[in-house]
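These are the residues of each chain, in order.
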Amino acid sequence: MSTLTIDDLRVEVATETGPKEILKGVNLTVSSGEVHAIMGPNGSGKSTLAYAIAGHPKYTVTGGSVTLDGVELTKLTVDERARAGLFLAMQYPIEVPGVSVANFLRTAKTALSGEAPKVRTWVKEVNAALDRLGLDPAFSARSLNEGFSGGEKKRNEIVQLELLNPKFAILDETDSGLDIDALRIVSEGVNRFAAQGDRGVLLITHYTRILNYIKPDFVHVFVDGRIAEEGGPELAENLEIEGYERFVKAAAAS
Amino acid sequence: MAAPVIEAVEAIESHLHPTPSFAVDDHPYPNGREEIWRFSPLRAMRPLLTDEPSDAHLQWTESFPEGVSTHVVSPTEAKLLVAEAPIDRVSALAAARSGGAQVVEVAAGAELTEPVSITLTGTGAHVWGHVIFKVGANSTSTILLRHEGSASYATKVDVLVGDGARVNFVSIQDWADDALHGGHHSVLVGRDASVRTVTVSLGGKVVRLAETARFAGPGGSLEQFGLYFVDAGQHIEHRLFVDHNAPHTHSNVDYRGALQGEGARSVWIGDVLIRKIAEGISTFESNKNLVLTDGCRADSVPNLEIETGEIEGAGHSSTTGRFDDEQLFYLRSRGISEAEARRLVVRGFFADIIRRIGVPEVEEHMLAAVERELSVTMGAYA
């Protein structure tokens, strides 16, 4: 049983007019076996939460903590956080020309497990993971994310999720830009990961659409750098009807 | 319109491209303020610029498939054979003092499956050299010209590509640390011929190559790829000039370099001239430099001179920078250490050039060479 605990997390980003606080005290606990959805309007800071937890250099933690089984993540480097069991599926995966998907996956797996995967079984595992995401084995010879369609990029993120199998996965708007077939395939991948029972998922999304495929145990409404309301799946259904307006107004009034 | 294209075109007036000439006196000893010399380490290059006789040769090791022959011609005969007269003092001296040019011929129509391989090994002497490659019409070949060892080597290299031929010309500068190498590689692209050059410069104290190309008729296609890895105190300079002197010709230049260590210096000049006659051409030039440590300097100067607007397209790009933080973040977010992430990015940066060599054994050798270079600065992180 693992726990990811975010406690009063405050994060700022440098702007031309000086530092700007984006996260204003976020509190959230995700235990393994749980799927949490974070929903919020554009600009609410929900992507910042994802990148700050992963350790993107653009964001500075000014207060609070993020611990994974008691280990303070904010004191670790980006790769140390990953080796501690964290994974971030990105909204805009980065192109790395000349580095093949196969080479990247093998290097990442080796870094995470501390030893090179066995050649024969590993290639089979990779091909099986690609196949589950509807990708051809030839996909692994391509340069990482270079020239990938939006859908291919997102599928590739979920291939990594399945092969690297972290303790906790943060999915940053993985549903954005996907057609209905790709959304179903990607969601099935997330569900397979979650179904292991001892993994945690933090699903960040703007739309409720993906929640038709991935059933969250908890829903958090994220507004103006903090969690404005929490509940079960029924909260998402309310948002589908009411939108974010009520929360945005409340935040503006406070 | 009966005149051959080459004679029909006007003289080049741009100061970027001095008039080619075999006469050494047409190329006075530079003072460093000349456009073509202003980036170059003249003091270090003194042996390459000083007119002193030398009978020494680089050790010549060849591996020729059937359909390839070689012979020597006198300097006088060589003048009539070349793709272009020498464009600077170093190559003019090389042609004049070489004592004759080594001619390597690929027979017309030959379909070579094995590379035409020549290794030139320096044994410490100063050498004037001239090598002429005559690639027969409608032939297919890969030519590998490797430079190793220690030398001060001034050279003129001509690659004459016959009509309809397909050639991959790979020049590798894998010298010892103290070597000096300067000269002029000129390519003449035959009508409808398809030429790819790959220039890899890794070793040597100074490597300064002028690489010029022009077309013997319409329809030719030229791709030029380059890779350089510059270490502390090293100067590596590639000066390209593509002369679109015939219509419906195509060129694409892609040079990539990495620099590391105090005083590492690279220079890339990419000149393209599109003459009035050269309608319907397309050209693109790209130079990317990856600066791995403090204390390096990369100069990158693309120039495009366009004398006709009736073209398919023309462009260039030049980038010089440090690592892309987003790339490193992405790789590291998968548990890959910073040092390993940097290695991956650099390998990837060069892999795209190395795969153009087309000879697996050489490609592996070059990947290993890049790996060795990387261990100089990045080994410390691991």
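Everything numeric here is computed off the predicted structure, so don't read it as measured data. (Residues numbered from 1 in each chain as written. Chains lettered and ligands numbered in written order. Predicted model: local features only at pLDDT ≥ 70, side-chain atom pairs only at ≥ 80, totals over all residues.)

**Details of the overall build of chain A**
Here is step 1 of the chain: Helix and strand counts for chain A stand at eight helices and 12 strands.
Here is step 2 of the chain: Against the compact-globule benchmark of 18 Å for 254 residues, chain A has a radius of gyration of 18 Å, which places it among compact chains.
Here is step 3 of the chain: Principal-axis analysis of the C-alpha atoms gives chain A an extent of 60 × 40 × 40 Å.
Here is step 4 of the chain: Looking at chain A residue by residue over its 254 residues, the buried ones come to 43%.
Here is step 5 of the chain: Considering only contacts within chain A whose residues lie at least 6 apart along the sequence, 71% involve residues at least 24 apart. (Helix = DSSP H or I, 4+ residues; strand = E, 2+ residues; numbered from the N terminus. Rg over C-alpha atoms; globule rule 2.2 N^0.38 Å. Buried ≥ 20, exposed ≤ 12 C-beta atoms within 10 Å, placed from the backbone. Contact = placed C-beta atoms within 7 Å.)

**With respect to the packing of helix 5 (residues 150–164) of chain A against helix 6 (residues 180–194) of chain A**
All names here are of chain A.
Here is step 1 of the chain: At a minimum axis distance of 10 Å, the contact between helix 5 and helix 6 shows a crossing angle of 10°. Put simply, helix 5 runs roughly parallel to helix 6. In this structure, helix 5 crosses over helix 6, and the sense of that crossing is left-handed. On the side of helix 5, the interface is formed by Gly151, Lys154, Arg155, Ile158, Leu161 and Glu162, while helix 6 contributes Ala182, Ile185, Val186, Gly189, Val190, Arg192 and Phe193.
Here is step 2 of the chain: Considered class by class, the residues forming the contact of helix 5 with helix 6 number seven nonpolar, two polar and four charged. (Axes fitted to C-alpha atoms, helices over the stretch in contact; angles between N-to-C directions. Parallel < 35°, antiparallel > 145°, perpendicular 65-115°, else oblique. Left-handed = near helix turned anticlockwise from the far one by under 90°. Nonpolar A, V, L, I, M, F, W, Y, C, P; charged D, E, K, R; others polar.)

**What to know about the sheet that holds strand 11 (residues 218–223) of chain A**
All names here are of chain A.
Here is step 1 of the chain: Ordered in space as 6-9-10-3-11-12, the six strands form an open sheet in which the pairing is mixed. Of all strands in the sheet, those bounded by a partner on one side alone are strand 6 (86–89) and strand 12 (226–231). Pairs of neighbouring strands in the sheet enclose a mean axial angle of 20°, with direction left out of account.
Here is step 2 of the chain: One ladder, built from five bridges, connects strand 9 (residues 168–172) with strand 10 (residues 200–205); its direction is parallel. Counted as the bridge partner of Leu171 is Leu203 from strand 10. (Pairing = 2+ DSSP bridges.)

**Some points on the environment of B:Trp60**
All names here are of chain B.
Here is step 1 of the chain: In this structure, Trp60 sits in strand 1 (residues 59–63).
Here is step 2 of the chain: Measuring from C-alpha to C-alpha, the distance between Trp60 and Ile118 comes to 6.9 Å, with 58 residues separating the pair along the chain.
Here is step 3 of the chain: Residues within four places of Trp60 in sequence aside, it is in contact with Ile118 and Leu120.

**Here we look at the domain arrangement of chain B**
Residues and elements named next belong to chain B.
Here is step 1 of the chain: In terms of domain boundaries, chain B breaks down into domain 1 (24–322) and domain 2 (324–382).
Here is step 2 of the chain: Distance from the C-alpha centre of domain 1 to the C-alpha centre of domain 2: 26 Å.
Here is step 3 of the chain: Of all the secondary-structure elements, those providing two or more residues to the side of domain 1 that touches domain 2 are strand 5 (140–161), strand 6 (166–173), strand 8 (194–201), strand 10 (221–230) and strand 12 (250–259).
Here is step 4 of the chain: In terms of residue class, the side of domain 1 that touches domain 2 is made up of 12 nonpolar, five polar and five charged. (Domains from an automatic or database assignment.)

**Here's the deal with the packing of helix 5 (residues 325–332) of chain B against helix 6 (residues 338–354) of chain B**
Residue and element names in this part refer to chain B.
Here is step 1 of the chain: Between helix 5 and helix 6, the least distance of the axes is 9 Å, while the angle of their chain directions is 120°. One way to sum up the angle between helix 5 and helix 6 is to call them oblique. Note that helix 5 runs across helix 6; the crossing there is right-handed. On helix 6, the residues that touch Gln327, Leu328, Leu331 and Arg332 of helix 5 are Glu338, Ala341, Arg342, Leu344 and Val345.
Here is step 2 of the chain: Considered class by class, the residues forming the contact of helix 5 with helix 6 number five nonpolar, one polar and three charged.

**Observations regarding the interface of chain B and chain A**
Accessible area lost during the coming together of the parts is what is often quoted as the interface size.
Here is step 1 of the chain: Counting residues at the interface gives 21 residues for chain B, matched by 20 residues for chain A.
Here is step 2 of the chain: Counting residues per element, the ones that place at least two in the side of chain B that touches chain A are helix 5 and helix 6 of chain B.
Here is step 3 of the chain: For the side of chain B that touches chain A, the element with the highest residue contribution is helix 6 of chain B, accounting for nine residues.

**Some details on the pairing of strand 4 (residues 59–68) of chain A**
Residue and element names in this part refer to chain A.
Here is step 1 of the chain: Two strands pair when backbone bridges link them, and strand 1 (residues 3–15) and strand 4 are joined in this way by eight bridges, in the antiparallel orientation. Across the sheet, Ile6 pairs through a bridge with Val66, a residue of strand 4.
Here is step 2 of the chain: Across two bridges, strand 4 lies against strand 5 (residues 71–72) in antiparallel orientation. What sits directly across from Thr67, in strand 5, is Glu72.
Here is step 3 of the chain: Remark: two residues form the turn of the hairpin made by strand 4 and strand 5, two consecutive strands paired antiparallel; Asp69 in that turn has positive phi of roughly 50°.

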